[in-house]
Amino acid sequence: MVGVFTPRLEMRGVSKRFGATRALHRVDLQLRPGEVLALVGENGAGKSTLMKVLSGAIAPDEGQMWLDGELFRPRNPLDARQRGIAMIYQELSLAPHLSVMENILLGIEPTAGPLIRWSEMRRRAAAALREIGMGDLRPDMPVNRLSIAQQQIVEIARAVALESRVLVLDEPTSSLSRGDIDRLFALIRSLRQRGVGIVYISHFLEEVQEISDRYAVLRDGELVGEGPTAGTPVEKIVALMVGREVEELYPHSTRGDAGEVVVEIRDLTCADKPRSASLRLRRGRVLGIAGLMGAGRTELMRAIFGLQPVTSGEIRVGGYTGTRSPMSRWAQGVGMVSEDRKQEGLAIGLTVADNITLPRLDGLGPARFVLPSRERAAAAKWVNRFSIKCASPAQRVAALSGGNQQKVAIARLLHADVDVLLLDEPTRGIDVGSKAQIYRLIDELAAGDPAAGRPAKAVLVISSYLPELLGVCDEIAVMAKGRLGPARPVAQWNEHQLMLAAIGKE
Amino acid sequence: MTADSMNDASRKTARASIWQSGWVHTLGQFMALVVIFSLFAFMVEGGKFYSLRNLENVARQSAVYATAALGMTLVVIAGGIDLSAGSIIALTTVVIAWVLNLPANDVPAAAARESRYLIDQWPALLPLLALGSGILVATAAGAINGLLVVRLRLVPFIVTLGTMMIWRALAKGLANEKDIYPPEETWLNSIMDPTLTSRDASRSWMLLPPGIWMLIVAAAIAAIVLRYTRLGRHIFAIGSNENTARLCGVPVERTKIVVYMLAGFFAGLAGVLQFAFISGIGQPTTGISYELFVIAAVVIGGGSLLGGEGSILGSMIGALIITILYMGGHQLGWRNWRQEAMIGGIIIVAVLLDRIRHRALD
């Protein structure tokens, strides 16, 4: 029997470990009927793991869940869905070639024997759409002809048709306009009236304040704070998320005069973006590029590194123009860390040593030979220096945590002893501890240590996380719609100005 | 992180690393080989299965697959596949026979006298030329496979499915759709003949047939290249994650072409052995569906068709396992269909075990 005080969903002591990584540690969470709970935390804090446990995609190592007072132990995502858990992810999970009604009733199609009852299907889909106030959406429209916002509505209608008890929205507003966001919020409020428990995951804390009743903060897999949203200042939530003062996170040693220009780009234009971008990288300086996703920052970096064709413009590395290929860049002392660790950054099936030494295999054996013992020794040096947590350099990268994987990707540049580091989102999705280490490393490399024979290096950092850019960079330039603005000293920027420049309203 | 959980973590990773060790893996395959061999040794009457003659036959029978598997291992580790291996084997036998026939057929009278003289003076010369031509054509065929994969940006499966037919068509065209019989036997015919169990006592000093020595040397070189050279590192990197390899400055396209070229080269060597095995004729219809057994040997030996994994030693063991299943089944009087079903089952079980091992790792 479901009483007033029975939580819709209760999680108690949920823990999950992936190899050496503690993804979740004894998380307790309660969700009441008709409540919007905001789940916040940095990338890698464990939000998505927790939701995967809820949706039955992974089984927890410890802990239990109850749904309306009943023990809830989903065997798989289908099982969880049938018990009333609806998930709406950032990447929509609709079948693009099927119609609105087919998507809404996917898996629960009304049938007569082996045949689908199309009239019943249309009626039920229309009813679900009406119920959420979207009766004007045509049930037989193919989903790939709808806007992103409309597709999201179809997903929500699917949750309604399934009579879901818990609805999880993962970053639902990241690609919506303000008008669509208002409509979505109205929809969330009407679902709340119907007693649905809603978990709302978002990085946008202003939205969290606007829509949620309560908040819960995850950090490094632990629940570090929760409470009513009303009356809680955003700063308090941020402090809980980061867990430390910003100053100690971003070391910034005093640097001497800027050194020589090692990379110079003039009017660089690629097929789509960037358009006519110019910048200079100097030894002893960290240049940051801010901007929205899709502004062309990654394309710019890839063009510099020879991974993307250039239409016009000039790239000088160490004074030379000429062939652009990753191979020649490494030879010229330029190294890059990719934003996409799994798809490009690392060969996760290979060992730590393989990944670190791949760009520079010379010196690891006579002629063109590579001796595994020397390869491991060379890698072990960076594993120690950078405190990469692994059983040995011969361990496969797949077994490492995200933060340690990223350190492997960066250690590769140290092994190759490059002068110029191109870092695309170097701290995306990793734990705070690893982040702090990477920030310290960037600072050390940029400062150099002439006494120890280590000249200062030039660093280019792309990041979507503004506090990070403001913390580690000497200069920041903003890219908006393929156009790169001028680089200015970091003291002349603040988050607000960067954001305005990024949306092109400077 | 507490000290306690740190210990937990390191214990877990330490255990994983033992399972990751390549030697443990190879040992497992070797055990499988021993178990399968012992089963047949036990079941075949009169100890015939572990007689010297049979052991030598196992080695001889598996040599063609094993030699082609050297190249296939490189291709599979690099994340590709070569369906044209069987056709290249056939093409090689035809080219060898065709060259051996040259003096008899197509040479003008004056030159014929010259070459007759050479052949009489240096009886090893013409077979050597034939062998070189065969391997050269096979290597060129492999290089073309690689160029097509790289330049047309088509998946290797499709490219080599196409060239599988084209190389065989070439073999048939060159041989006029008939078997080519060289005018006389040469030393090429005897490179796969028995040694220890030969009636000819003068062969026993070789211990193994020359063709098998060739295989052993080739396998050792391939294994060293794969494990201890830059090319080997690059092959593994491309197969594991091509994007990462490119990011790290690996010459991805060039390496792929080299890999397919080597696959052609080793298929050519296999063709030389096959030529001797089918008693020295050029047969355009030989080696049909050999590529599948070769791929099976690589996969049983731990190769992953997703790339990034595989070993020469494993593939050699795989080739032996397939041969033992065939010969053992034959000697037990099993019908053909039972042998084939058996091998099919073994392939699936081998891959399944490998996947389970992987899941335990990740």
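Per-chain numbering applies: the sequence of each chain, read as written, is numbered from 1 onward. Ligands are numbered from 1 and chains lettered from A, in the order in which they are written. Only residues with pLDDT of 70 or above have their local features reported here, since the model is predicted, and side-chain atom pairs are shown and tallied only from 80 upward, although totals for entire chains, interfaces and linings are computed over all residues.

A. Region of interest: the overall build of chain B. In this text, helices come from DSSP runs of H or I with a minimum length of four residues, and strands from runs of E with a minimum of two, each type numbered from the N-terminal end. The helix and strand tally for chain B stands at 14 helices and 0 strands. Shown N-terminal to C-terminal, the secondary structure of chain B runs as helices and strands in the order α-α-α-α-α-α-α-α-α-α-α-α-α-α. Per-residue burial over chain B gives 46% buried out of 362 residues. By definition, residue pairs are in contact when their C-beta atoms, positioned from the backbone, come within 7 Å. A separation threshold of at least 6 residues defines the contact pool for chain B, and within that pool the share at least 24 residues apart is 78%. Buried, partly exposed and exposed are defined by the number of other C-beta atoms within 10 Å of a residue's own C-beta, namely 20 or more, between the two limits, and 12 or fewer respectively, with C-beta atoms placed from the backbone.

B. Summary view of the overall build of chain A. Helix and strand counts for chain A stand at 18 helices and 22 strands. With respect to the principal axes defined by its C-alpha atoms, chain A has extents near 75 × 50 × 45 Å. In chain A, which comprises 506 residues, the proportion classed as buried is 46%. The long-range fraction of contacts in chain A, counting pairs at least 24 apart against all pairs at least 6 apart in sequence, stands at 67%.

C. Quick peek at the pairing of strand E10 (residues 197-201) of chain A. All names here are of chain A. Of all the 5 residues making up E10, 5 are buried; the element is thus mostly covered by neighbouring parts of the structure. Any two strands with at least two DSSP-identified bridges between them are counted as paired. Pairing of strand E3 (residues 36-40) with E10, which is carried by 4 bridges, proceeds in the parallel orientation. Counted as the bridge partner of Val-36 is Ile-198 from E10. With 5 bridges joining them, strand E9 (residues 166-170) and E10 adopt parallel strand pairing. From the neighbouring strand, Asp-170 faces E10, where its bridge partner is Ile-201.

D. Summary view of the environment of Met-261 of chain B. Residues and elements named next belong to chain B. Counting through the fold element by element, Met-261 comes out in helix H11 (residues 252-277). On the neighbour-count criterion, Met-261 (22 C-beta atoms within 10 Å) is buried. When the C-alpha positions of Met-261 and Thr-139 are compared, they lie 5.4 Å apart, and in sequence the two are 122 residues distant. Ignoring any residue separated from it by four or fewer positions in sequence, one finds Met-261 in contact with Thr-139, Gly-142, Ala-143 and Gly-146.

E. Representation of helix H6 (residues 178-193) of chain A within the structure. All names here are of chain A. Between its terminal C-alpha atoms H6 stretches 23 Å, which fits the 22 Å expected from 16 residues at 1.5 Å a residue. Those residues of H6 that sit buried are Leu-184, Ile-188 and Leu-191. Looking down the long axis of H6, one finds its buried residues gathered within 60 degrees of arc, a one-sided arrangement. Counted as exposed and oriented over 90 degrees from the buried face of H6: Arg-178, Gly-179, Asp-182, Ala-186, Arg-189 and Gln-193. For H6, the secondary structure elements touched by its buried residues are E3, helix H5 (148-161), E9, E10 and helix H7 (205-211). Note on H6: the residue one or two positions beyond its end, Gly-195, has a positive phi of about 90 degrees. Expected span of a helix, by definition, is 1.5 Å for each gap between consecutive residues, and there is one gap fewer than residues. Working definition: the arc comes from the directions between the helix axis and the C-beta atoms, pointing outward to the latter.

F. A look at the nonpolar core. Residues Tyr-65, Ala-68, Leu-91 and Val-294 of chain B are the most contacted members of the largest nonpolar core, which totals 175 residues. Broken down by element, this core gets its largest block of residues, 17 residues, from H11 of chain B. When residues no more than four places from it in sequence are discounted, the contact partners of Ala-68 of chain B are Ala-85, Ile-89, Phe-266, Ala-267, Ala-270, Tyr-290 and Val-294 of chain B. Formed by 63 residues, the second largest nonpolar core is a distinct cluster that contains Ala-23, Leu-37, Leu-169 and Tyr-200 of chain A. To form a nonpolar core, buried Ala, Val, Leu, Ile, Met, Phe, Trp, Tyr and Cys residues must be joined through C-beta atoms within 7 Å.

G. Region of interest: the packing of helix H3 (residues 52-77) of chain B against helix H8 (residues 210-228) of chain B. Residues and elements named next belong to chain B. To get an axis, a line is fitted to the C-alpha atoms, and for a helix only the part in contact is used. The angle between two axes follows their N-to-C directions and goes from 0 to 180 degrees. Packing of H3 against H8 leaves a shortest axis separation of 10 Å and a crossing angle of 25 degrees. When the axes of H3 and H8 are compared, the pair comes out roughly parallel. Considering the relative orientation of H3 and H8, their crossing is left-handed. Each of Ala-59, Arg-60, Ala-63, Ala-66, Thr-67, Leu-70 and Leu-74 in H3 lies in contact with H8, whose residues at this interface are Gly-211, Ile-212, Leu-215, Ala-218, Ala-219, Ala-222 and Leu-226. Ten residues, namely Ala, Val, Leu, Ile, Met, Phe, Trp, Tyr, Cys and Pro, are considered nonpolar, four, namely Asp, Glu, Lys and Arg, are considered charged, and the remaining ones, Gly among them, are considered polar. In the contact of H3 with H8, the residues fall into 11 nonpolar, 2 polar and 1 charged. What sets the label is the angle itself: under 35 degrees gives roughly parallel, over 145 gives roughly antiparallel, 65 to 115 gives roughly perpendicular, and the rest give oblique. It is the rotation of the near helix from the far one that decides the hand of a crossing: anticlockwise by less than a right angle makes it left-handed, clockwise makes it right-handed.

H. Examining the sheet that holds strand E14 (residues 277-282) of chain A more closely. Residue and element names in this part refer to chain A. With antiparallel pairing, 3 strands are arranged side by side in an open sheet as E14-E13-E16. The outermost strands of the open sheet, each flanked by one partner alone, are E14 and strand E16 (312-317). Looking at each pair of strands side by side, their axes are set apart by 5 degrees on average, direction ignored. Taken strand by strand, helix H10 (residues 297-305) contacts strand E13 (261-269), E14 and E16, and its axis lies near 120 degrees from that of E13.

I. Seen up close, the sheet that holds strand E6 (residues 85-88) of chain A. All names here are of chain A. One open sheet holds the 6 strands; their spatial order is E6-E9-E10-E3-E11-E12, and the pairing between them is mixed. Since the sheet does not close on itself, it has two edges, and those belong to E6 and strand E12 (222-228), each with one partner. For this sheet, the mean inter-axis angle between neighbouring strands, taken without regard to orientation, is 20 degrees. Packing of helix H1 (residues 47-54) onto the sheet brings it into contact with E3, E6, E9, E10 and strand E11 (214-219), and relative to E9 it is tilted by some 150 degrees.

J. Fine view of the confidence of the model for chain B. Residue and element names in this part refer to chain B. The predictor rates its confidence in each residue with pLDDT, a number between 0 and 100. Per-residue confidence for chain B gives a mean pLDDT of 87; residues scoring 70 or more make up 89%. Predicted confidence for residues 1-20 stays below pLDDT 50, and this span has 28 contacts to residues more than four positions away or in other chains. Here the prediction assigns the complex a pTM of 0.79, and the interface score ipTM is 0.83.

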